[in-house]
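Summary of the model geometry
Chain by chain, the residues run as shown.
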Amino acid sequence: GPDPGKALLDVSCSNCHDLDIVAARTGTQAEWQEVVDRMNARGAGVAEKDVPALVSYLAKTYPVKK
């Protein structure tokens, strides 16, 4: 089935900005964690229990370009 992180991305992140902005950046797991924490601080509203799934989806889908 679909990755639960993708649903979180679609719901929580697309409220405030186009997902193109997400696709335009890349990061390590730690860098994406920082981004998610920052966006949550701004009110993205990703539940604490859902953060790991979202972060791992982002890190897997938009990894650092080699």
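1. A look at the overall build of the protein
In terms of regular secondary structure, the protein is built from 4 helices and 0 strands. Along the protein, from the amino end to the carboxyl end, the secondary structure elements read α-α-α-α. A globule of 66 residues ought to have a C-alpha radius of gyration of about 11 Å, and the protein, at 11 Å, matches this closely. With 66 residues in all, the protein has 29% of them scored as buried. Partitioning the contacts of the protein with sequence separation of at least 6, the portion at a separation of at least 24 is 66%. Between the averaged position of the 8 positive side-chain charges in the protein and that of its 9 negative side-chain charges there is a distance of 4 Å.

2. Things to note about the environment of glycine 43
Following the sequence through the fold, glycine 43 ends up in the loop between helix H3 (29-41) and helix H4 (51-61). In this structure, the C-alpha to C-alpha distance between glycine 43 and asparagine 15, residues 28 residues apart in sequence, is 10 Å.

3. With respect to the layout of surface pockets
In this model, the largest pocket occupies a volume close to 310 Å³. As for the largest pocket, its lining consists of 20 residues, of which Cys13, His17, Val22, Val35 and Met39 are closest to the centre. Listing elements by their share of the lining of the largest pocket, those giving two or more residues are helix H1 (4-13), helix H2 (19-23), H3 and H4.

4. A few points about H4
Val51, Leu54, Val55, Tyr57, Leu58 and Ala59 are the residues of H4 that are buried. Where the residues of H4 are buried, they touch H1, H2 and H3.

5. Here's the deal with the packing of aromatic side chains
Taken as a whole and assessed by the stated rule, the structure comprises 1 aromatic pair. Aromatic side chains tryptophan 32 and tyrosine 62 sit 6.2 Å apart centroid to centroid with 50 degrees between the ring planes, which places their arrangement in the tilted category. Residue tryptophan 32 is located in helix H3, and its partner tyrosine 62 is located in the segment after H4; the two are separated by 30 residues in the primary sequence. Residue tryptophan 32 shares its accessibility class with tyrosine 62, and that shared class is buried. Cation over ring: arginine 25 sits above tryptophan 32, and NZ or CZ is 5.7 Å from the ring centre.

Calculation notes
Residues numbered from 1 in each chain as written. Predicted model: local features only at pLDDT ≥ 70, side-chain atom pairs only at ≥ 80, totals over all residues. Heavy atoms only, no water. Helix = DSSP H or I, 4+ residues; strand = E, 2+ residues; numbered from the N terminus. Rg over C-alpha atoms; globule rule 2.2 N^0.38 Å. Buried < 20%, exposed > 50% of the residue type's maximum accessible area, 1.4 Å probe, protein only. Contact = heavy atoms within 4.5 Å. Lys, Arg positive; Asp, Glu negative; His and termini not counted. Charge placed at Lys NZ, Arg CZ, Asp CG, Glu CD. 1 Å grid on protein atoms, 1.4 Å probe; cavity = no way out; pocket = protein on both sides within 12 Å on 5 of 7 lines; lining within 4 Å. Points joined across faces, edges and corners; volume = space filled by probe spheres on them. Phe/Tyr/Trp six-rings, centres within 6.5 Å; stacked < 30°, edge-to-face > 60°. Lys NZ or Arg CZ within 6 Å of the ring centre and 35° of its normal.

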